[in-house]
Amino acid sequence: MYDAGFTVEVVTGVPVVTAPEEIDITNADHLRVALLESAAHGTGTFVVDLTRTRFCDTAGLHALVGAHKRAQAEGGEVLLVMPGDAVLRIFAITGLDRVFRSFTNLEDALAQIPGAA
Amino acid sequence: MTTRLDQVSVEARLRAIQSITDAALSRLDDRELLAELLDRTRDILRADTAAALLLDFSSGQLIATAAAGLEEEVRQGVRIPVGRGFAGRIAAEHRPVILDRVDHTTVLNPILWSKGIKSMVGVPMVASGRVIGVLHVGSLLPRQFTSQDVELLQLAADRAAAAVQSMTAQADRTAVEALQRSLVPSALPAVDGAEMAARYVPGSGVVGGDWYDVFTLPSGELCVVMGDVAGSGLAAAVIMGRMRSVLRAYALETQDPAEVLRRLDRKIHHFEPEALATVLYAVLDPALDRMRICLAGHFPPVIALPGKPAGPAEVARGLMIGVDPAEPRQVTTVPIPPGALLCFYTDGLIERSGELIDDGLERLCRAVSAEFPEAACASVMGTLVGNEPARDDIALLVIRRRPGQAGSRVHSSSLLARDGR
C-alpha cells in the first residue's frame, strides 16, 4: 500500500517521476536521485506526478525547487501533476504554486512539452 | 611440515580477525577505537606504520586523522587530494593499492618516503556505499604484501569506517544541538503589556532547521521571527544561524517587514543559493495594538480573541526564501485587541503522518484559546504532540496582549483587515 519509492518512466519521450503518498526527510534523497536521473534524460523538461501524494515537507520541496532551478538554467522546466487539494495546499502556502506550472492530469502536462510524442 | 605451517597460519589468521572484530573494542569510544584498531592492525600485519586518512567532503582532500608509528602525519595535518598519490588513488578508484616502491613518484606525502618506508598497502574505508577515507600500513623493510594482508586490512578498514561514521554523526548531533540551544532565545524579553511563552522540541530522528526569535527594537517595537530551513543536521543548523543573525541586523536597519525579507532573500540568493526556507517576520507596535507581518512561505499565525474560537490570521501569502529574489512581498497589518492571543509555530506542530495539513491546522485552532500563554502552550503541545515523539522539529511561540489594558482603542470587528503595503 504505502510505497516509499519513486519511479521514473519515459512516457512519450518525456521522463515522468511518480511520487509516493508522502515525501519527507526520510525519502527526499530518493526523490533527488529520481529528479537527477530525469534531468539527465533528453530535453531537460520533465514531469513529476504527485497524483498519489498527500504530503510533502520542506525537504521534498527543496528537492523539487533545486531540480526546477537546474532545469530552467538549461531552458527546461519541471511540470507537476497535482489533481488533489492536499499537496496543492502546501504549494499555495509556500508560494510555490506560482513557481511551478501544474496540471490536474498527466496527459495535460505532457501536452505542454513540444516534441513529446 | 607444510600442513603444520598452514595450520599455524590459519590459527594466526583467525586470531587476527578476532583481534579486529573483538567485541571489547566496542566498549571504547569511537576515537579510542580508531587508535586501538590502528595499533592492532599494525601488529597483525607485522607492519611498522598504520594510518587513517579521512575524506573532507567540502575540500575533496584526505586528512590524516589517526596514526600508529606515523604520528607526525597527523600532527602536521597532512592533506592529500583525492585522485593524487597513493592514498588519493585508493579513494578515487575505491580499491586496494599495493606499493612495492615508495618514493616521490608513487607517494605524495614526503613523510612516508623520508621515514624510510619501503612497501605499503592501503584500502578504502567505505560507509553507506561511499568512500569516507583510506587506511594504509607501511613496512620499513621491503616486502610483498599478499592478498590475505589486503583482506585483513579491509576488515579493519570496515570496522574503522563504522567507528568514524558514528563519531561524525555524534559530533554533528552535538554541534547541532549546541547551535540550536544558542539560536533559540534563552529567555523571552520582558515587554510591558505582553505575556509570552514558548516551546522548542528538536525532531526525534534527524535534527532539522526550525528556529524562532523574539526581541525588542530600539523603537520599543517587538519583533517576532519563525523559520524553517529545508534540510537537516549541521548544514541546516548553520544556515539557520546565519538567517537569524542577518534578520536581526536587517530588523535594526529597516522598519518595513517586506524589505527585511527581500534583503534576506537577496543575501541567500547570493551567498547560499542552495538554501530554501520558510520565514515569518512580524513587528508588533510598542502599544501591542497591531502587528505588521510578512510571510515567506510560512504558515500564518493563529489568533484567538477572548471567548471566541481561534482561527488562522488572514495574511497575504508570499514565496519561500531561496527561490526568486525578485519576488514582490506584501505586508499585512493585523489588529490585536486587548486579551488577544497570537500563536506562531512551525509546520512540525501541525504535520502528522497520514493526515492532511488542514486537519492539523484545525486541531491547532481548536486547542488555542486566549488564555494565559503558558497554559495555551501546554494545551497546544498536549493536544497536538501528546506522547508521540515528534518526527520534525517543533517551535511554538505564544504572545498575549494583556487583557483590559488601558490607553488603547479597541478595534472594530475588522480583525482580518489587510493593508497592501
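What counts as what
Residues numbered from 1 in each chain as written. Chains lettered and ligands numbered in written order. Predicted model: local features only at pLDDT ≥ 70, side-chain atom pairs only at ≥ 80, totals over all residues. Buried ≥ 20, exposed ≤ 12 C-beta atoms within 10 Å, placed from the backbone. Helix = DSSP H or I, 4+ residues; strand = E, 2+ residues; numbered from the N terminus. Contact = placed C-beta atoms within 7 Å. Axes fitted to C-alpha atoms, helices over the stretch in contact; angles between N-to-C directions. Parallel < 35°, antiparallel > 145°, perpendicular 65-115°, else oblique. Left-handed = near helix turned anticlockwise from the far one by under 90°. Nonpolar A, V, L, I, M, F, W, Y, C, P; charged D, E, K, R; others polar. Domains from an automatic or database assignment. pLDDT = per-residue confidence, 0-100.

Asks: Is there a simple way to explain helix α4 (residues 85-93) of chain B in this structure?
Replies: Residues and elements named next belong to chain B. Among all positions in α4, only Phe86, Ala87, Gly88, Ile90 and Ala91 are buried. Buried residues in α4 make contact with β1 (49-56), β2 (61-68), β3 (79-81), β4 (97-99), β5 (119-127) and β6 (130-139). Directly beyond the C-terminal end of α4, a positive phi value near 55 degrees is found at His94.

Asks: I tried to follow the packing of helix α6 (residues 147-183) of chain B against helix α7 (residues 233-253) of chain B on my own but got confused; where do I start?
Replies: Packed helices, taken two at a time, are described by the angle their axes make and the gap between the axes. All names here are of chain B. Between α6 and α7, whose axes approach to 9 Å, the crossing angle comes to 20 degrees. With respect to α7, the element α6 is oriented roughly parallel. For the pair α6 and α7, the crossing hand works out as left-handed. For the pair formed by α6 and α7, the contact residues are Asp172, Ala175, Val176, Leu179, Gln180 and Leu183 on the first element and Gly233, Leu234, Ala237, Met240, Gly241 and Arg244 on the second.

Asks: Where do I start with the interface of chain B and chain A in this structure?
Replies: Buried accessible area, meaning the area lost when the parts come together, often serves as the stated size of an interface. Contact residues are listed per partner, giving 21 residues for chain B and 18 residues for chain A. Its residues assigned to classes, the side of chain B that touches chain A comprises nine nonpolar, six polar and six charged.

Asks: Got a minute to help me understand the domain arrangement of chain B in this structure?
Replies: Taken as a whole, chain B is organised into domain 1 (2-174) and domain 2 (184-401). Averaged C-alpha coordinates put domain 1 of chain B and domain 2 of chain B at centres separated by 49 Å.

Asks: Whenever I open this one, the confidence of the model for chain B confuses me. Can you help?
Replies: A low pLDDT score tells you not to read the predicted coordinates there in detail. Residue and element names in this part refer to chain B. Taken as a whole, chain B shows an average pLDDT of 86; of its residues, 91% reach a score of 70 or greater. Taken together, the stretch residues 405-421 has pLDDT below 50 and engages in 22 contacts with residues farther than four places along the chain or on a different chain. Both scores are given for the predicted complex: the pTM is 0.73, the ipTM 0.89.

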